[in-house]
Amino acid sequence: MTQKLWTKVDAYFSGMIREDRALKAALKDCKKAKLPPIGVAANQGKMLMLMAQMIGARKILEVGTLGGYSTIWLARGLSEGGKLITLESQNKHADVARKNVARAGLDGVVDVRVGDAKETMPELLRIGAGPFDLIFLDADKEGYPLYFEWSLKLSRKGTVIIADNVVRQGEVINTRTKDPSVPGMRKFNKAVSRENRVSATAIQTVGTKGHDGFAMILVL
Ligand code: SAH
Ligand code: DHB
Ligand code: MG
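Okay, so let's go over this structure.

Procedures and definitions
- Residues numbered from 1 in each chain as written.
- Chains lettered and ligands numbered in written order.
- Predicted model: local features only at pLDDT ≥ 70, side-chain atom pairs only at ≥ 80, totals over all residues.
- Heavy atoms only, no water.
- Helix = DSSP H or I, 4+ residues; strand = E, 2+ residues; numbered from the N terminus.
- Rg over C-alpha atoms; globule rule 2.2 N^0.38 Å.
- Buried < 20%, exposed > 50% of the residue type's maximum accessible area, 1.4 Å probe, protein only.
- Salt bridge = Lys/Arg side-chain N within 4 Å of Asp/Glu carboxyl O.
- Near = heavy atom within 4 Å.
- Polar contact = N/O pair within 3.5 Å; in protein donor to acceptor, adjacent residues only side chain to side chain.
- Areas by Shrake-Rupley, 256 points an atom, 1.4 Å probe, with all protein chains shown as cover.
- 1 Å grid on protein atoms, 1.4 Å probe; cavity = no way out; pocket = protein on both sides within 12 Å on 5 of 7 lines; lining within 4 Å.
- Sits in = over half its atoms within 2 Å of the grid points.
- Nonpolar A, V, L, I, M, F, W, Y, C, P; charged D, E, K, R; others polar.
- Core = buried A, V, L, I, M, F, W, Y, C linked by side-chain atoms within 4.5 Å.
- Contact = heavy atoms within 4.5 Å.
- Axes fitted to C-alpha atoms, helices over the stretch in contact; angles between N-to-C directions.
- Parallel < 35°, antiparallel > 145°, perpendicular 65-115°, else oblique.
- Left-handed = near helix turned anticlockwise from the far one by under 90°.
- Pairing = 2+ DSSP bridges.

### Considering the overall build of the protein
Working step 1: Secondary structure summary: the protein contains nine helices and seven strands in total.
Working step 2: Taking 2.2 N^0.38 as the reference for a compact globule, 220 residues should give roughly 17 Å; the C-alpha atoms of the protein span a radius of gyration of 16 Å, in line with that estimate.
Working step 3: When the backbone C-alpha atoms are referred to their principal axes, the protein occupies close to 45 × 40 × 30 Å.
Working step 4: When the 220 residues of the protein are sorted by exposure, 50% land in the buried category.

Here's what the structure looks like:
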């Protein structure tokens, strides 16, 4: 009942979202390549794009590319001359993403980097790639506490950090959960709560992707 209704309501708003051919084709190719269907929903992707536009983002970092669906939305939110770097550990995912990004006409703007974000984030710091205006965390949830630390190092005052999947069907409050991503997520939420250099909130969402949520963090 609930999931059915959430899906229907998402469909009701699809005219407002206007997911275009490049995004639809990206999803189709993710499916064809048998990537797991765990990317953001269309309305969530649009929200990411709008947030990037709202803050006039010129440098965006994404951690967890998959097939590049959220990447396309985020890159479309960049200001003129802006650039997006997206980090992905799986070569196969990165290959699908590069094709999807190119079809969307964004290959000159998006840099897909393959490697474990636990190594590629420090590497970005070494090469002076930051500070980023917007950072979207969406890779393995176990890694979130560490990705948060590196995000702070790659930030400036005013950087916005958005973390996906902080609710996990409500399992985030279940300390005896079987969901292996929850302990990392709880550690992340605790670290954010205790960090005086940021101001943060968490918003639960329901829709085609079930019950989950985003944390939104402003670097002070
Ligand atoms: N942002 C995408 C979904 C990402 S799914 C979207 O919304 O469309 C999570 C991705 O993170 C997967 O592709 C997975 O391979 C990648 N990932 C998992 N662990 C990682 C790590 N340690 N470093 C970099 N990427 C990782
Ligand atoms: C899942 C969903 C996500 O959005 C993600 O980034 C990783 C995993 C999931 O439903 O398992
Ligand atoms: Mg996610």
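### What about the pattern of salt bridges?
Working step 1: For the coordinates displayed, the defined rule picks out 12 salt bridges.
Working step 2: In this structure, Lys32 engages Asp29 in a salt bridge whose closest nitrogen and oxygen atoms are separated by 3.7 Å. With Lys32 and Asp29 both in helix α3 (residues 21-32), this residue pair falls three residues apart, about one helical turn.
Working step 3: Given the relative accessible area of 24%, Asp29 is considered partly exposed.
Working step 4: Here Asp133 ties to Arg156 by a salt bridge, and the two come within 2.7 Å at their closest N and O atoms.

### Overview of the site of ligand 2
Working step 1: All residues in the neighbourhood of ligand 2 are listed as Ile38, Asp138, Lys141, Asp164, Asn165 and Arg168.
Working step 2: Ile38 has a polar backbone atom sitting 2.9 Å from an oxygen atom of ligand 2.
Working step 3: Calculation on ligand 2 without its partners gives an accessible area of 290 Å², and the protein chains cover 66% of this total.
Working step 4: Under a 2 Å grid-point criterion requiring more than half of the atoms, the pocket assigned to ligand 2 is the largest pocket.
Working step 5: Of the residues contributing to the shell around ligand 2, the split by class is one nonpolar, one polar and four charged.

### Quick word on the nonpolar core
Working step 1: If you look at the biggest cluster of nonpolar residues, it comprises 30 residues, and the most contacted ones within it are Leu61, Val63, Met121, Leu137 and Phe188.
Working step 2: Elements represented by at least two residues in this core include exactly β1 (59-63), β2 (83-88), α7 (117-126), β4 (134-137), α8 (144-153), β5 (160-164), α9 (182-194) and β7 (210-219).
Working step 3: Residue contributions to this core peak at five residues, all from α8.
Working step 4: With sequence-adjacent residues up to four places away left out, Val63 is seen in contact with Leu87, Ala117, Met121, Phe136, Leu137, Asp138, Ala139 and Tyr147.

### What to know about the packing of α3 against helix α6 (residues 91-103)
Two numbers describe a pair of packed helices, the interaxial angle and the distance between the axes.
Working step 1: One can describe the packing of α3 onto α6 by two numbers: an axis separation of 9 Å at closest approach and a directional angle of 160°. Taken as axis vectors, α3 and α6 run roughly antiparallel relative to one another. The two elements α3 and α6 cross, and the hand of that crossing is right-handed. Seen from α3, the contacting residues are Ala25, Ala26, Asp29 and Cys30; seen from α6, they are Val96, Asn100 and Arg103.
Working step 2: Its residues assigned to classes, the contact of α3 with α6 shows four nonpolar, one polar and two charged.

### Describing the pairing of strand β6 (residues 198-207)
Working step 1: Relative to β7, β6 runs antiparallel, the two being bridged by 10 bridges. Pairing of Ala202 across the sheet is with Ala215, part of β7.
Working step 2: Turn length for the β6-β7 hairpin, with the two strands adjacent in sequence and antiparallel, is two residues.

### Re the sheet that holds strand β3 (residues 110-114)
Working step 1: Here we have seven strands laid out as an open sheet, ordered β3-β2-β1-β4-β5-β7-β6, and mixed in their pairing. Of all strands in the sheet, those bounded by a partner on one side alone are β3 and β6. On average, adjacent strands in this sheet sit at an angle of 15° to one another, irrespective of strand direction.
Working step 2: Strand direction decides the pairing type here: β5 and β7, joined by five bridges, are antiparallel. Its bridge partner lying in β7, Ile162 is registered against Met216.
Working step 3: Where α6 meets the sheet, its contacts fall on β2 and β3, and the angle it forms with β3 comes to roughly 170°.

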